[in-house]
Amino acid sequence: MIKALRNNPPLILFLVFLALIAIVFRSLLFNFSTHLIDWRDYALVVWIINQNITHLIDLDFSNFFNTNAFYPHPFTLLFSDIF
């Protein structure tokens with residue numbers, strides 16, 4: 001096993017990366033049921049992230065807070081949770 005690790009530096013880097021991720025997110029790993037978003041809001045969160053990514057990709061910063069939620073009204077993204 002040790003000989004395989006010496007001959008494969010990308011594997012060592014990947015294992016170090018996984019260890020760092022585990023250290024940084026240790027509170028999430030140990031409290032998985034209480035530290036995640038509420039699953040009833042999952043569709044809303046995905047929709048908000050999708051709207052934000054769409055506006056960022058199109059470089060449409062003037063309409064960043066305009067969504068199709070309450071169409072005639074402007075800045076409807078501000079009616080929801082702000083991330």
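The residue numbers shown here count from 1 along each chain, following its written sequence. The model is predicted, so local features are restricted to residues of pLDDT at least 70 and side-chain atom pairs to those at 80 or more, both for listing and for counting; the totals for chains, interfaces and linings are taken over all residues. Note that the side-chain values use all heavy atoms of the structure and ignore hydrogens as well as water.

Student: In this structure, what is going on with the packing of aromatic side chains? I would like to understand it.
Tutor: One pair of aromatic rings is described through two measures. These are the centre distance and the angle between the planes. Only Phe, Tyr and Trp rings take part, Trp by its six-membered ring, and two of them pair if their centres are within 6.5 Å. Stacked means planes under 30 degrees apart, edge-to-face means over 60, and tilted covers everything else. A complete count under the given rule lists two aromatic pairs for this structure. When the ring of Phe-64 is compared with that of Phe-65, the centres are 5.2 Å apart and the planes differ by 90°; the resulting orientation is edge-to-face. Residue Phe-65 is classed as partly exposed on the basis of its relative accessible area of 34%. Taking 5.9 Å as the distance between ring centres and 65° as the angle between the ring planes, the aromatic pair formed by Phe-70 and Phe-79 counts as edge-to-face. Summary of the burial criterion: residues with accessible area below 20% of their type's maximum are buried, those above 50% are exposed, and those between are partly exposed, where the area comes from a 1.4 Å probe applied to protein chains only.

Student: It is not clear to me how a nonpolar patch on the surface should be interpreted in this structure. Could you clarify?
Tutor: A cluster of nonpolar residues, Leu-11, Phe-14, Leu-15, Phe-17, Leu-18, Ile-21, Val-24, Phe-25, Leu-29 and Phe-30, forms a patch on the protein surface that exposes about 990 Å² of accessible area. Elements with a contribution of two residues or more to the nonpolar patch: helix H2 (9-24) and helix H3 (26-30). In terms of residues, the nonpolar patch owes the most to one element, H2, which gives seven residues. Secondary-structure assignment places Val-24 in helix H2. Note on Val-24: relative accessible area 58%, which makes it exposed. Excluding any residue in a salt bridge, patches collect residues exceeding 30% relative accessible area, merging like charges within 9 Å and nonpolar Val, Leu, Ile, Met, Phe, Trp and Tyr side chains within 5 Å. The Shrake-Rupley method, run with a 1.4 Å probe sphere, supplies the accessible areas, and residue values consider only the shown protein chains as cover. Salt bridge, as applied in this entry: a Lys or Arg side-chain nitrogen positioned within 4 Å of an Asp or Glu carboxyl oxygen. Helix numbering and strand numbering both begin at the N terminus, where a helix is a DSSP run of H or I of at least 4 residues and a strand a DSSP run of E of at least 2.

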